[in-house]
Amino acid sequence: MPKFFKSTILVLSILALSSQSWATHIVGGDFYYKKIGTNLYTITLKLYIDCENGNPNAIQSDATAIISIWDAGTSNLKSLQYFSRTGPKRLNKLHYKCLIPPQDVCVDEYVYTRDLTIDPGKDGVIISFQRCCRNNSITNIIEPESTGATYWVQIPGTDVTNNNSSAVFKELPPNYLCTDAPLKFDHSAVDPDGDSLVYELYQPYKGASRNQPRPDNGANGQLQRPPFYTFAWKSPYHTNDQMGGDPILKIDSRTGELTVTPKNEGQFVIGIKVKEYRNGVLIGETLRDYQMNVKKCTFDLIAAFAAPTYACSDTVHFTNKSYKASDYFWDFGDPTTDSDTSSEANPSYIYPGDGDYEVKLYAWNTVCNDEYTFIVRVRTKIKFDLGPDLYFCN
């Protein structure tokens, strides 16, 4: 083969590899819809982009999003819509006090929104956006550099309800978490219809590919039809332990409170779901697929403690896990007295009876001050009808 052709093939190969890397920029996304009239909906996609490591060409190519609308009953494609974006909005979601912030984490938010006329029919419709790829440095999934994402939401059919708007998450998690520092974050949503909301973790979805990073059912590749496929967790991670930690990532099913104390640095994709129930019937779900960046941070101070979530005795022992603190003040959340305080490092407290008590620890040194709050549920002996002389403590 002539040297010229060999050189040309080499250059083309390098360009092809470069073009594949252009799409490594996605941090997360979520979809919402709001009914504003008869078969008229405002559809909103929020896309979160890595503005530190994301490829600028990939970010620019998403100036228009290809949105697909599917029949939820047949999985047939009903239409393709093209949404323009607004943004970027630079996100500075911080959680910790007394911290020297890392400089290598950057997240931008882009918003795509349009009013569309959609007839959900009796089976409903699925609205989706598929894009590749995620950051190749993600820790908890297999082959992240070739794993894209599918963000989607379903408008229920008339067999379920003919009047619904999706629940909307109120806030984004912070841009980064710190190893050995507890996170307690309100990840709750609001529902415009007043439906009952239940929260859980879920396994996010993959979509598109390195070879077809922006599929459109044409020259740019085929869209994946619903039901969509979830990505593959990398061992030892799984849906109920998405990023490790002590304690691991959990979400309160009633309140949406998200908690975790990370142990290892890395980038972890997590999935948060909120379900809408009306009169006991599930009518909708809102999904958030988001990347948690965990850094080894430099703190001037951390307030933290360990206590049982459920105490099977009226006496609760607290283990202080604060960092660089010189003084402490505890408020044990006992509403029956003003003497429920302590300045000890590792105190105990005797509660007056069963209940949920909000415990606060204030810690400080000459540089900074911090606080940490945790709900302790005291449950002494609870009698169940399990036979003679049998007691159960949760």
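Residues numbered from 1 in each chain as written. Predicted model: local features only at pLDDT ≥ 70, side-chain atom pairs only at ≥ 80, totals over all residues. Heavy atoms only, no water.

The full count for this structure, using the stated rule, is 18 aromatic pairs. For the pair Phe 305 and Tyr 372, a centre-to-centre distance of 5.1 Å together with 75 degrees between the ring planes defines the contact as edge-to-face. Residue Phe 305 is located in strand S19 (residues 305-306), and its partner Tyr 372 is located in strand S27 (residues 369-378); the two are separated by 67 residues in the primary sequence. One exposure class covers both Phe 305 and Tyr 372, and it is buried. (Phe/Tyr/Trp six-rings, centres within 6.5 Å; stacked < 30°, edge-to-face > 60°. Helix = DSSP H or I, 4+ residues; strand = E, 2+ residues; numbered from the N terminus. Buried < 20%, exposed > 50% of the residue type's maximum accessible area, 1.4 Å probe, protein only.)

Once that is clear, we can look at the sheet that holds S27. Taken in spatial order, the five strands make up an open sheet running S20-S27-S26-S23-S24, and their pairing is mixed. Only two strands of the sheet have a single neighbouring strand rather than two, namely strand S20 (310-311) and strand S24 (341-342). Where strand S23 (residues 327-331) meets strand S26 (residues 355-364), five bridges bridge the pair, whose relative direction is antiparallel. Residue pairing for S26: Tyr 328 is matched across the bridge by Ala 363. (Pairing = 2+ DSSP bridges.)

This next bit is on empty space enclosed by the protein. Under the defined criterion, the tally for this structure stands at one cavity of 30 Å³ or more. Lining the largest cavity are Gly 29, Asp 30, Thr 150, Tyr 151, Trp 152, Tyr 202, Tyr 205, Leu 287, Arg 288 and Asp 289. Of all the secondary-structure elements, those providing two or more residues to the lining of the largest cavity are strand S1 (26-37), strand S8 (149-155) and strand S17 (281-295). For the lining of the largest cavity, the class distribution of residues is five nonpolar, two polar and three charged. (1 Å grid on protein atoms, 1.4 Å probe; cavity = no way out; pocket = protein on both sides within 12 Å on 5 of 7 lines; lining within 4 Å. Points joined across faces, edges and corners; volume = space filled by probe spheres on them. Nonpolar A, V, L, I, M, F, W, Y, C, P; charged D, E, K, R; others polar.)

Below, the discussion takes up the nonpolar core. By size, the foremost hydrophobic cluster in this structure holds 37 residues, and its most contacted members are Leu 177, Cys 178, Met 243, Leu 258 and Phe 299. Sorting the residues of this core by element identifies strand S10 (177-178), strand S11 (183-186), strand S13 (196-201), strand S15 (257-260), strand S16 (266-278) and S17 as the ones contributing at least two each. Looking at this core element by element, the count peaks at five residues for S16. When residues no more than four places from it in sequence are discounted, the contact partners of Met 243 are Leu 177, Tyr 237, Leu 249, Val 260, Pro 262, Phe 268, Ile 270, Met 292 and Val 294. Core analysis: the second largest hydrophobic core is formed by 24 residues, Ile 26, Phe 83, Phe 129 and Val 153 among them. (Core = buried A, V, L, I, M, F, W, Y, C linked by side-chain atoms within 4.5 Å. Contact = heavy atoms within 4.5 Å.)

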